[in-house]
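# A closer look at the structure
Chain by chain, the residues run as shown.
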Amino acid sequence: MNDNSVKAQYEKPAELYDGLRLHQNENTRGCSPRVLEALASLRADQIGFYPPYAAVTAACAGYFGVTTDRVTLVNGLDEGIMAVAVAYLRPEAGSHLVPEAIVPEPAFEIFRFDTAVAGGRVVPVMPNPDFRFAEEEVLAAVTPRTRVVFLTNPNNPTGVPVPFEAIRNIARRVPKEAIVFVDEAYAEFAGRSFIPELPQFPNVIVGRTFSKAFGLAGLRAGALVGASDTLDPARYAIPVYSLNIAAVVALQAALGDPGYVAEYVRQVKESKALLYAACDRLGLTYWPSDANFVLVRVGNRVDAVVDGARARGVYLRNRSSEPGCEGCLRIATGYVDHTRRGIAVIEEVLCGAR
Ligand SMILES: Cc1ncc(COP(=O)(O)O)c(C=O)c1O
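For clarity, every value in this text was computed on a predicted model and none was experimentally measured.

### Here we look at the overall build of the protein chain
The helix and strand inventory of the protein chain stands at 13 helices and 13 strands. Relative to the globule expectation of 20 Å for 354 residues, the C-alpha radius of gyration of the protein chain, 20 Å, shows essentially globular dimensions. With respect to the three principal axes, the spread of C-alpha positions in the protein chain is 65 × 55 × 35 Å. For the protein chain, buried positions account for 58% of its 354 residues.

This is the structure:
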């Protein structure tokens, strides 16, 4: 959808909750037990009042290693991306200029939809065959109309990293009215973040989520991190009480249990090694991933594998329609026991045995 129309809608994956969900990159184990305790101890008055944000914002700022004025909480990073689009991609009243968003493909689809909703135009950049970040092509796509460059590091759906030097070069190249949005939804798994560089790059906003490593996807909590002045236009587009009280207390509890996230990150690493070994056994191409999922090419068997796995209660995501991803599945690599089950089912389906 590059035609600036908002008629096409984001196609949400089907609501499948009765099997092993390896199709939405969630934490397959769920949240820390401390989150459940915090939710269970919510009082009636807390639910009756509008939620306070100072303490949870301070806890987040501490986690990111920044001051509180550089963090804005959002109701899931999805809301943060929409706020960035509304802030930076809305055509100015009376101007004929259509703001452009550069989207290196394959990309998180929400970038396209939010750009169109805001009234901007998507400028897609096609991928290298090996999904290595197409820095030269992205730089060449910058025009005086560029207002946002959407990057995801590590990328979804490939798990491939974006080199920091590429982010720096793009941030130096864009027009002064533009920002570079670095979506770090999977940063905990990669073990690195652009956040420490933000003071040198005030035109970069980093997006973070607590849906993945922290296992809070059902509660909806994320954050935008950046220079206060750069965040301000996005802040104006975020509802004043965007996070509800359940998300607030859950997030504080989750941030207070770093050991839970560390153990999950360890499980993900082990899971990826298991899945790579299975792909090698099965002769399948995959891309080593810095995230909590792996993109695997199964070729023209992709529908059969998705359907076969689904019939066995394992949900996988067909990414074939994304640029460069023909015949590819995206498989979440979470808790090791879950990954073993997923691999067993994929092998069973691919080998046609029962
Ligand atoms: C790259 C990327 N950004 C943002 C999100 C959305 O995060 P949230 O659950 O916080 O809205 C996802 C979720 O899959 C994602 O893959």
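Back to the write-up after that little detour.
### With respect to helix H5 (residues 110–118)
Residues spaced three or four apart along an α-helix face the same direction, because each turn holds 3.6 residues. Of all 9 residues making up H5, 8 are buried, and the element is well covered by its neighbours. Residues Ile110, Phe111, Arg112, Phe113, Asp114, Thr115, Ala116 and Ala118 constitute the buried set of H5. Those residues of H5 that are buried lie in contact with helix H4 (77–89), strand E3 (100–104), strand E4 (121–125), strand E5 (146–152) and strand E6 (179–183). Two residues or fewer after H5 comes glycine 119, characterised by a positive phi angle close to 100 degrees.

### What about the site of the ligand?
Close to the ligand lie 14 residues, the nearest being Leu77, Asp183, Tyr186, Thr209 and Ser211. Taking aspartate 78, its main chain carries an N or O atom lying 2.9 Å from an oxygen atom of the ligand. Aspartate 183 places a polar side-chain atom, nitrogen or oxygen, 2.5 Å from a nitrogen atom of the ligand. Protein contact buries 93% of the 390 Å² of open area that the ligand shows by itself. Among the elements that make up the shell around the ligand, the one with the highest residue count is H4 (3 residues). Its residues placed into classes, the shell around the ligand shows 5 nonpolar, 5 polar and 4 charged.

### Re the packing of H4 against H5
It is at 9 Å that the axes of H4 and H5 come closest, and there the two elements cross at 40 degrees. Taken together, the axes of H4 and H5 are oblique relative to one another. In terms of crossing hand, the pair formed by H4 and H5 is right-handed. Across the interface between the two elements, Asp78, Ile81, Met82, Ala85, Val86 and Leu89 from H4 touch Ile110, Phe111, Asp114, Thr115, Val117 and Ala118 from H5. Of the residues belonging to the contact of H4 with H5, the class tally is 9 nonpolar, 1 polar and 2 charged.

### Section: unusual backbone geometry
Asparagine 153 connects to proline 154 through a cis peptide bond whose omega is -5 degrees. Position of proline 154 among the secondary structure elements: in the loop between E5 and helix H7 (164–173). In this chain, asparagine 156 is followed by proline 157 through a cis amide linkage whose omega measures 20 degrees. Along the chain, proline 157 turns up in the loop between E5 and H7. Positive phi is not limited to glycine here, since phenylalanine 131 has a value of about 65 degrees. Tracing the backbone through its elements, the reader meets phenylalanine 131 in the loop between E4 and helix H6 (135–141). Relative accessible area serves as the criterion here: at 6%, phenylalanine 131 is assigned to the buried category.

### Remarks on the state of the cysteines
Here is the idea: a disulfide is a covalent bond, and it sits between the sulfur atoms of two cysteines. All told, the structure shown has 0 disulfides when counted by the stated rule. Cysteine 60 supplies the cysteine sulfur nearest to cysteine 31, a cysteine that is in no disulfide, at a spacing of 16 Å. By relative accessible area, which is 0% here, cysteine 60 ends up buried.

### Regarding a nonpolar patch on the surface
Together, Tyr50, Val240 and Tyr241 make up an exposed nonpolar region whose accessible area comes to about 420 Å². By the secondary structure assignment, tyrosine 50 is in the loop between helix H2 (44–48) and helix H3 (54–64). The exposure class of tyrosine 50 is exposed, given its relative accessible area of 65%.

### Notes on the side chain of glutamate 188
Considering the arrangement of structural elements, one finds glutamate 188 in helix H8 (residues 187–190). Residue glutamate 188 is classed as buried on the basis of its relative accessible area, which comes to 12%. Polar side-chain contacts of glutamate 188 include one of 2.6 Å to the side chain of tyrosine 63. Among residues more than four places away in sequence, those in contact with glutamate 188 are Tyr63, Arg208, Ala213, Phe214, Val261 and Val265.

### Details of the packing of aromatic side chains
Within the structure shown, the criterion is met by 17 aromatic pairs. Geometrically, the ring pair formed by phenylalanine 210 and phenylalanine 214 is edge-to-face, given 5.2 Å between the ring centres and 70 degrees between the ring planes. Across the pair, phenylalanine 214 and phenylalanine 210 agree in class, each one buried. Taken together, the aromatic side chains of Tyr63, Phe64, Phe210 and Phe214 make up a single cluster linked through ring pairs. Above the ring of phenylalanine 293, the side-chain terminus of arginine 330 is found at 5.8 Å from the ring centroid.

### Topic: the sheet that holds strand E9 (residues 285–286)
Adjacent strands of a sheet pair through backbone hydrogen bonds, lying either parallel or antiparallel. Ordered in space as E9-E10-E13-E12, the 4 strands form an open sheet in which the pairing is antiparallel. Only two strands of the sheet have a single partner each, and these edge strands are E9 and strand E12 (317–318). Here E9 pairs with strand E10 (residues 293–297) via 2 bridges, running antiparallel. If you follow threonine 285 over to E10, its bridge partner there is arginine 297.

What counts as what
Residues numbered from 1 in each chain as written. Predicted model: local features only at pLDDT ≥ 70, side-chain atom pairs only at ≥ 80, totals over all residues. Heavy atoms only, no water. Helix = DSSP H or I, 4+ residues; strand = E, 2+ residues; numbered from the N terminus. Rg over C-alpha atoms; globule rule 2.2 N^0.38 Å. Buried < 20%, exposed > 50% of the residue type's maximum accessible area, 1.4 Å probe, protein only. Contact = heavy atoms within 4.5 Å. Near = heavy atom within 4 Å. Polar contact = N/O pair within 3.5 Å; in protein donor to acceptor, adjacent residues only side chain to side chain. Areas by Shrake-Rupley, 256 points an atom, 1.4 Å probe, with all protein chains shown as cover. Nonpolar A, V, L, I, M, F, W, Y, C, P; charged D, E, K, R; others polar. Axes fitted to C-alpha atoms, helices over the stretch in contact; angles between N-to-C directions. Parallel < 35°, antiparallel > 145°, perpendicular 65-115°, else oblique. Left-handed = near helix turned anticlockwise from the far one by under 90°. Disulfide = S-S within 2.5 Å. Patch = residues over 30% accessible without salt bridge, like charges linked within 9 Å, V, L, I, M, F, W, Y side chains within 5 Å. Salt bridge = Lys/Arg side-chain N within 4 Å of Asp/Glu carboxyl O. Phe/Tyr/Trp six-rings, centres within 6.5 Å; stacked < 30°, edge-to-face > 60°. Lys NZ or Arg CZ within 6 Å of the ring centre and 35° of its normal. Pairing = 2+ DSSP bridges.

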